[in-house]
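Geometric and topological summary
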Amino acid sequence: MNAADGSMPETMIDRPDPQTDRQRQSRRALPSRKARREHLLGWLFVLPALAVYAVFVLLPLALTVWYSLFRWDGFNVPVWVGLANYENVLTDPDLLNTIFNAFRLIFFFSFIPVTLGLVVASVIRRSATGSLGNVARTVLFLPQVIPLVAAGIVWSVVLSLSGILNQSLTAIGLEGVTRAWLGDFDTALAAVGLIGTWVLLGLCTVLLLTGMTKIDPALYEAARIDGAGAIQEFRAITVPGLRQEIGVCVTVTVIAALRSFDIVYVTTGGGPGLATMVPGLDIYVLAFQARAVGVASALAVVLIILILVLILPIQYLSREKGA
Amino acid sequence: MLLAFSHSRRVLGGLAIVALVATACSGSGSTPTPPPATPTPAPATTVATPTPAASPTAAPITCGTAPVVLNAYFETGFDIPFKLSDEFTKQFPTVTWKISQDQFTNLTNSTPRLLASDTPPDLIRLPTMISLVKDGLLMNLDKYVTAFGWDKWPASELLQDRVAADGTRGSGSLYAAGLNYSMTGVFYNKKLAAQIGMTTPPTTVDEFEALLAKAKAAGLQPIMQWNASASGGGLAFPLQNLMAAYGPTQQINDWIFQKKGTTIDTATNLTAAQHLETWVKNGYFPKDVNAIEYTASNSRFTKGEGVFTFNGDWENASMDKNAPGNVGFFAFPSATAGGSLAAMSSPLTYGIAAKAKNADCAAFFLNWVATNTTARQINVAIGGSNPGGPSDLPVPPAAAGSVTNDSLAVGALVSKANGGMDFIANATGSIFAQGWTPELQKLVGGKETAAGMLKAVQAEYLKELSQ
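Residues numbered from 1 in each chain as written. Chains lettered and ligands numbered in written order. Predicted model: local features only at pLDDT ≥ 70, side-chain atom pairs only at ≥ 80, totals over all residues. Heavy atoms only, no water.

**Points about the overall build of chain B**
Rules: Secondary structure counts use DSSP, requiring at least four H or I residues in a row for a helix and at least two E residues in a row for a strand, with both numbered from the N terminus. Contact definition: two residues touch when any of their heavy atoms are within 4.5 Å. The method behind every accessible area is Shrake-Rupley, applied with a 1.4 Å probe, and residues are considered shielded solely by the protein chains displayed.
In terms of helices and strands, chain B carries 19 helices and ten strands. Sequence-distant contacts, at least 24 apart, represent 76% of the contacts inside chain B between residues at least 6 apart. On chain B, roughly 16500 Å² of surface is accessible, and the fraction owed to carbon and sulfur atoms is 58%.

**So, the overall build of chain A**
The condition is simple: Working definition: with a 1.4 Å probe on protein chains only, accessible area under 20% of the residue-type maximum means buried, over 50% means exposed, and in between means partly exposed.
Along the backbone of chain A there are 15 helices and two strands. Buried residues in chain A amount to 41% of all 323 residues. Intrachain contacts of chain A at a sequence separation of at least 6 include 69% that bridge at least 24 residues.

**Observations concerning helix H11 (residues 230-241) of chain A**
Residues and elements named next belong to chain A. This is how it is decided: This arc is built from the directions going out from the helix axis to the C-beta atoms.
Every buried residue of H11 is listed here: Glu-233, Ile-237 and Thr-238. What you see down the axis of H11 is that its buried residues fit within an arc of 85°, all on one side. The outward face of H11, more than 90 degrees from its buried face, is lined by the exposed residues Ile-231, Gln-232, Arg-235 and Ala-236. Summarising the contacts, the buried residues of H11 are in contact with helix H5 (93-127), helix H9 (188-214) and helix H10 (217-225).

**Things to note about the domain arrangement of chain A**
Often the size quoted for an interface is simply the accessible area lost on bringing the parts together. In plain terms, the rule: Source of the domain bounds: an automatic or database domain assignment.
By the assigned domains, chain A splits into domain 1 (18-52) and domain 2 (87-317). If you average the C-alpha positions of domain 1 of chain A and of domain 2 of chain A, the two centres end up 40 Å apart.

**Brief notes about the environment of A:Thr170**
Residues and elements named next belong to chain A. For the record, the criterion: Polar contacts here mean pairs of N or O atoms no more than 3.5 Å apart (in protein, one a potential hydrogen donor and the other a potential acceptor; neighbouring residues in sequence count only if both atoms are side-chain atoms).
Position of Thr-170 among the secondary structure elements: in helix H8 (residues 164-171). When the C-alpha atoms of Thr-170 and Glu-87 are compared, they prove to be 48 Å apart, with 83 residues separating the residues in sequence. Leave out the neighbours within four places in its chain, and Thr-170 touches Glu-175 and Thr-178. There is a polar contact of 2.7 Å between the side chain of Thr-170 and the backbone oxygen of Asn-166.

**Focus on the pattern of salt bridges**
Counted only if it meets this: Should a side-chain nitrogen of Lys or Arg be within 4 Å of a carboxyl oxygen of Asp or Glu, the pair is scored as a salt bridge.
Under the counting rule described, the total for this entry stands at 16 salt bridges over all chains. Here A:Arg179 makes a salt bridge to A:Asp184, at a shortest N to O gap of 3.5 Å. Since its relative accessible area comes to 23%, A:Arg179 is described here as partly exposed. The shortest N-O distance in the salt bridge between B:Lys463 and B:Glu460 comes to 3.7 Å. Linking B:Lys463 with B:Glu460, this pair stays in helix H19 (residues 450-466), spanning three residues, or about one helical turn. With relative accessibility at 8%, the residue B:Glu460 sits in the buried group.

**Regarding a positive patch on the surface**
For the record, the criterion: Patch members must show over 30% relative accessible area and no salt bridge, and they are joined within 9 Å when carrying like charges or within 5 Å when they are nonpolar side chains of Val, Leu, Ile, Met, Phe, Trp or Tyr. We score Asp and Glu as negative and Lys and Arg as positive, and we do not count His or the chain ends. Note on charges: their place is set at NZ of Lys, CZ of Arg, CG of Asp or CD of Glu.
A cluster of like positive charges, contributed by A:Arg33, A:Lys34, A:Arg36 and A:Arg37, occupies part of the molecular surface. With respect to the secondary-structure elements, A:Arg33 resides in helix H3 (residues 32-67).

**With respect to H9(A)**
For the record, the criterion: Expected helix span is taken as 1.5 Å per residue step, with the number of steps being one fewer than the number of residues. Bend, in this description, refers to the angle at a residue between axes fitted to the seven residues ending there and the seven starting there.
Relative to the 39 Å expected for 27 residues at 1.5 Å per residue, H9(A) spans 40 Å between its end C-alpha atoms, a close match to the ideal helical length. Residue A:Leu200 marks the point of greatest curvature in H9(A), where the axis turns by about 35°.

**Description of the state of the cysteines**
All names here are of chain A. Defined as follows: We call a pair of cysteine sulfur atoms a disulfide when they lie within 2.5 Å.
Counted by the stated rule, this structure contains one disulfide over all chains. Here Cys-204 is not cross-linked by a disulfide; its sulfur's nearest cysteine counterpart is in Cys-249, at 3.8 Å. Exposure remark for Cys-204: the relative accessible area of 0% places this residue in the buried category. The exposure class of Cys-249 is buried, given its relative accessible area of 2%.

**Some points on the pairing of strand S2 (residues 95-102) of chain B**
Residues and elements named next belong to chain B. Applied cut-off: We treat two strands as partners when DSSP finds at least two bridges between them. We call a crossover right-handed when, viewed with both strands directed away from the observer, the connection leading from the first strand over the helix to the second proceeds clockwise.
Looking at chain direction, strand S1 (residues 68-75) and S2 are connected through eight bridges and run parallel. Along S2, the bridge assignment pairs Val-69 with Thr-96. This β-α-β element, S1 to helix H3 (residues 80-91) to S2, shows right-handed connectivity.

**A look at the interface of chain B and chain A**
The condition is simple: As used here, buried area is the combined drop in accessible area, with a 1.4 Å probe, of two parts when they are placed together.
Facing 21 residues of chain B, the contacting portion of chain A comprises 28 residues. Note on chain B versus chain A: buried area summed over both sides is about 1900 Å², and carbon and sulfur give 55% of it. Our count for the contact surface shared by chain B and chain A stands at two salt bridges. A salt bridge links A:Asp186 to B:Lys447, with the nearest nitrogen and oxygen atoms 3.8 Å apart. Our enumeration of links across chain B and chain A arrives at four residue pairs in polar contact (both at pLDDT 80 or more).

**Focus on the nonpolar core**
Our working rule: As used here, the term nonpolar core means buried Ala, Val, Leu, Ile, Met, Phe, Trp, Tyr and Cys residues forming a set that is joined through side-chain atoms within 4.5 Å.
Among the nonpolar cores identified, the biggest contains 74 residues, and B:Trp255, B:Trp279, B:Phe308, B:Ile424 and B:Trp436 are the most heavily contacted of them. Not counting residues within four places of it along the chain, the set of residues in contact with B:Trp255 comprises B:Thr262, B:Thr263, B:Ile264, B:Ile424, B:Ala427, B:Ile431, B:Trp436, B:Val457, B:Gln458 and B:Tyr461. A:Met212, A:Val250, A:Ala300 and A:Ile307 belong to the second-largest nonpolar core, a separate cluster that totals 64 residues.

**Here we look at the packing of H5(A) against helix H14 (residues 279-288) of chain A**
All names here are of chain A. Applied cut-off: In this analysis, axes come from line fits to C-alpha atoms, helices being fitted only over the stretch in contact, and the angle between any two N-to-C directions falls in the range 0 to 180 degrees. In this count, Pro and Cys sit with the nonpolar residues alongside Ala, Val, Leu, Ile, Met, Phe, Trp and Tyr, while Asp, Glu, Lys and Arg are called charged and the others, Gly among them, polar.
It is the contact of H5 with H14, at a shortest axis distance of 8 Å, that shows an interaxial angle of 145°. Here Leu-95, Thr-98, Ile-99 and Ala-102 of H5 come into contact with H14, specifically with Pro-279, Asp-282 and Leu-286. Residue composition of the contact of H5 with H14, by class: five nonpolar, one polar and one charged.

**Focus: unusual backbone geometry**
Of the consecutive residues A:Gly271 and A:Pro272, the connecting peptide bond is found in the cis state with omega at -5°. Of note in the backbone geometry, B:Gln258 takes a positive phi value of approximately 60° without being a glycine. In this structure, B:Gln258 sits in the loop between helix H11 (249-256) and helix H12 (267-281). The class of B:Gln258 is partly exposed, set by a relative accessible area of 31%. Look at B:Asn418: it is not a glycine, yet its phi comes out positive at around 55°.

**Some words on the confidence of the model for chain A**
Low pLDDT means the predicted atomic positions in that stretch should not be read closely. Residue and element names in this part refer to chain A. Applicable threshold: Confidence of the predictor at the level of single residues is given by pLDDT, which spans 0 to 100.
Taken as a whole, chain A shows an average pLDDT of 85; of its residues, 88% reach a score of 70 or greater. By mean pLDDT, the top-scoring element of chain A is H8 (94), and the lowest-scoring one is helix H1 (residues 2-13) (41). Across residues 1-18, confidence stays below pLDDT 50; counting only partners more than four residues off in sequence or on other chains, it has 26 contacts.

**Regarding the confidence of the model for chain B**
Summarising the model, chain B shows a mean pLDDT of 84, and 87% of its residues fall at 70 or more. Taken together, the chains of this predicted complex give a pTM of 0.78 and an interface ipTM of 0.76.

**A word on the packing of aromatic side chains**
We apply this condition: Whether two aromatic rings pair depends on their centres lying within 6.5 Å, for rings of Phe, Tyr and Trp, where Trp uses its six-membered ring; planes under 30 degrees apart make the pair stacked, over 60 edge-to-face, and the rest tilted. We call a charge positioned above a ring when the Lys NZ or Arg CZ atom is no farther than 6 Å from the ring centre and deviates by at most 35 degrees from the ring normal.
The full count for this structure, using the stated rule, is 41 aromatic pairs over all chains. When the centroid spacing of 5.0 Å and the interplanar angle of 70° are considered together, the rings of A:Trp66 and A:Phe70 count as edge-to-face. A relative accessible area of 47% places A:Trp66 in the partly exposed class. A:Phe70 gets classed as buried once you look at its relative accessible area, which sits at 12%. Where B:Trp150 meets B:Trp153, the ring centres are 5.5 Å apart and the plane angle is 40°; that geometry is what we call tilted. In this structure, B:Trp150 and B:Trp153 share a single accessibility class: buried. Here A:Arg125 stacks its cationic end above the ring of A:Tyr220, 3.8 Å away from the centre of that ring. The lysine or arginine in question, A:Arg179, covers the ring of A:Trp181, its NZ or CZ lying 5.4 Å from the ring centre.

**With respect to the packing of H5(A) against helix H12 (residues 243-258) of chain A**
Residues and elements named next belong to chain A. The condition that has to hold: Angle categories are assigned with fixed cut-offs, so that under 35 degrees is roughly parallel, over 145 is roughly antiparallel, 65 to 115 is roughly perpendicular, and the rest are oblique. A clockwise turn of the near helix away from the far one marks a right-handed crossing, whereas an anticlockwise turn of less than a right angle marks a left-handed crossing.
Direction vectors running N to C along H5 and H12 enclose 150°, while the axes themselves pass 8 Å from each other. The orientation of H5 relative to H12 falls into the category roughly antiparallel. Crossing hand, H5 versus H12: right-handed. Contact with H5, carried on its side by Ala-102, Phe-103, Leu-105, Ile-106, Phe-109, Ser-110, Val-114 and Leu-118, involves Ile-246, Cys-249, Val-250, Thr-253, Val-254, Ala-256, Ala-257 and Leu-258 of H12 and no other residues of that element. A class-by-class count of the residues in the contact of H5 with H12 yields 14 nonpolar, two polar and no charged.

Following this line, the structure appears as structure tokens:
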């Protein structure tokens, strides 16, 4: 289920594809029989990958949709229930709550990393070009290299009652606010979200920084001559110039928020209560613990649709104006 | 040992891993339970003696004199069945073993296929039973119950292995037996307990609560427990103990066994939940209990944080290793002095295929495990768990001063009182993850009342049964 919803947007990101244009041109120039043979050859080359994709992505996706129409425990004969599972997903307050939690996570997984990433990237670009910039980039990108499960375990220790965060707070006289951040109803979701911020900030920064190298330095020079300050530069040149990169960042991070599983699984397991329960984790619990394969599949399909509904406009907006 | 939570392996997965580790440690740890100290009967003499309580009418069921190869499926990672099978062959040389082993989760998936195959196992570790019984894949053991006199054992021992005609567990014909029986109760830190003036284990809930209050007043952490989602709500342990203190175990078991029309939302369970709520409000649990995982709870307890902790005898070995000589164990007291004791307890379940070629010999083995002195000694030494069997058979001693000694004594008392219960966490596949754990966490967070918790869990229970 995860593989399916994760892979779809990637193909969309790669959509602007100059190669197909070139192929189209060369095909027009060549005799048709040869073209047809090349065409066939092309399919042959693609076939192994296509077969793997079909078996491990398309087939599971289709099966998920199919299972979602049954009541099934995974062993016995499935019972056809039509759209009842979807009705269940869209009316059960607990299941709806998990979807809302995923949306709340977008703030931490997407909004903060992208905005903060823009700021950090501009700062690095403006004032830390040399080795300092490299160090900053490496440090920020490091969370991408560390396995999320390991990171989650370390963060649980940091955020625990006797963890380093509370020790620091106590040291500066803020003992009153110390708590088990991941075990407190009021802070658990934000705590999980901030771990996501930590993971994704580096990715966004590096992506945006790379995008900035694309922007013509003459624009900045001109702006400076005109007397623009750092903030004006940022608003008038950097942000518009990075429209596509921002689109990619938002896409990737929104998907990460909506299908989050590992960080939540490792740090809170969805608790306390259902304060941090997200669809990804709930699908797992429903399918493999409750053995309610039908409801789990329905939730997965709803999740895929939600991701598409959210991502397609982002794709459209970022491409339209960047072109 | 935790595989005894057979039906809850999915639910208590986190615990299971811990238990696996604990068991592994008990094999190689620095303070292992000693080898049998008491002289055991010489194998040669045992061979000749047909085992006890043979049926008065039919010929005694044995493995016979011709060579027999028992086809067995054991669970990877647990020594007990292997050690027992070795000893069995030593005592009955005509019997040899063809043992296959697999991880528990794989066994769960392949059991129906194995039982239905042309070479069905004579003995197999069972993950779940109901569907296997429905499909006629498991042998009905009723004839062995009468032949070996298992009906004279404490009824609660075999309760969880019974399946009724309507497909509910807890009554009806017997389809499996336990190699041993794990037991839960209250571990206590001897030093801290002495500090608050506890000389003998409490005999009533009131006495226990008085101790909790004393501990709190003395600035100690009264109870160390886990309640994070990753490990599941460990507050279910004290809650169920309280339920059994204020109400009959029967209604709890009936609910777990999915008997029709049962509810967890009863008057006595409400009393129990309200006591737990008071404990929460009085600060008897750690402030961060909702973030404490199973392993962290145990390590904090053995490091001296917490006077009491609710857990099971599968932790004996690591308790003795990490806090040698300082940990004791008692059964959770009943509401009134002299009331009957109860505890969550689960058999290490083994069954016989319906088409097994050597069913009699396999049943003879199961009976031997429960009644033979050496077998019982192996069970205690390797697993730290009660070997079950007839209540008049002595439980072999463990090392002096070890917590296993305490828990075995408790096990015998609970067994005598017929106070074994399955776990409320096992009632359905995800009642623990979707019901108890979030609700207990809400209770801790002040987002739920005792009454609301029971109602919510009952609603979840009905929802899961209907799905």
